[in-house]
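Reading the structure
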Amino acid sequence: QVQLVESGGGLVQVGGSLRLSCAASGSIFSLPAMGWYRQSPGKQRELVATVTSGGRTNVADSVNGRFTISRDNAKSTVDLQMNSLKLDDTAVYYCNALVLGRDGYSYEYWGQGTQVTVSS
């Protein structure tokens, strides 16, 4: 079993910054990819950014240039630095990880979600 623990959400004003962190633990052989998704009320969950173990990133157009994803492979953590926040960034942010288990199979895990609220 694998656990993803998120931290760093909260309330911030338009134009402000927040940093989200996620730590993976448990039965992990490797983490080929980690990332962040978000979901607003009435909307589908959408990709924010992902990063592979090799450092290749995929960032949504809506946040490109404002959000930066990074990871520490040694610590099994992934961070999301969010700058110049907009009202539309308000959502529950979920950490996501593709885990290669010690059994040789791949599994996808989700964190419990952390609320980010941007106010005017």
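The notes below deal with the structure included here. Every value quoted in this text rests on a predicted model; they were computed, and no experiment measured them.

Some words on the nonpolar core
By size, the foremost hydrophobic cluster in this structure holds 30 residues, and its most contacted members are Trp 36, Leu 80, Met 82 and Tyr 93. Those elements that provide at least two residues to this core are β1 (2–7), β3 (18–26), β4 (30–39), β5 (46–52), β7 (67–72), β8 (77–82), β9 (91–100) and β11 (114–119).

Thoughts on the pairing of β1
Along β1, the buried face is formed by Val 2, Leu 4 and Glu 6; none of Gln 3, Val 5 and Ser 7, which line the opposite face, is buried. Pairing of β1 with β3 involves 6 bridges; the strand directions are antiparallel. The residue of β3 that forms the bridge with Gln 3 is Ser 25.

A closer look at the state of the cysteines
What the rule picks out here adds up to 1 disulfide. Shown here is the disulfide that connects Cys 22 with Cys 95, its sulfur atoms set 2.1 Å apart. Its torsion about the S-S bond being -85°, the disulfide of Cys 22 and Cys 95 is classed as left-handed. Remark: Cys 95 occurs in strand β9 and Cys 22 occurs in strand β3; sequence separation between them is 73 residues. Judged by relative accessible area, which is 0%, Cys 95 ranks as buried.

Focus on the pairing of β5
Pairing analysis gives 6 bridges linking β4 to β5, with the strands arranged antiparallel. Looking at β5, one finds that Tyr 37 is bridged to Leu 47. Between β4 and β5, which pair antiparallel one after the other, the connecting turn spans 6 residues, and Gly 42 there sits at a positive phi close to 80°. Alignment of β5 against strand β6 (residues 57–59), held across 3 bridges, turns out to be antiparallel. Across the sheet, the residue bridging to Val 51 is Thr 57, located in β6. Where β5 hands over to β6, the hairpin turn is made up of 4 residues, of which Gly 55 adopts a positive phi near 95°.

Here we look at the sheet that holds β3
One open sheet accounts for 4 strands, arranged β1-β3-β8-β7; its pairing is antiparallel. The open sheet has two edge strands, β1 and β7, and neither has a second partner. Taking each pair of neighbouring strands and ignoring which way they run, the sheet shows an average axis angle of 15°. Two elements, β3 and β8, share 6 bridges in a ladder whose sense is antiparallel. If you follow Leu 18 over to β8, its bridge partner there is Met 82.

Cut-offs and rules
- Residues numbered from 1 in each chain as written.
- Predicted model: local features only at pLDDT ≥ 70, side-chain atom pairs only at ≥ 80, totals over all residues.
- Heavy atoms only, no water.
- Core = buried A, V, L, I, M, F, W, Y, C linked by side-chain atoms within 4.5 Å.
- Buried < 20%, exposed > 50% of the residue type's maximum accessible area, 1.4 Å probe, protein only.
- Helix = DSSP H or I, 4+ residues; strand = E, 2+ residues; numbered from the N terminus.
- Pairing = 2+ DSSP bridges.
- Disulfide = S-S within 2.5 Å.
- Axes fitted to C-alpha atoms, helices over the stretch in contact; angles between N-to-C directions.

Limitation: the analysis is restricted to geometry and does not speak to function.
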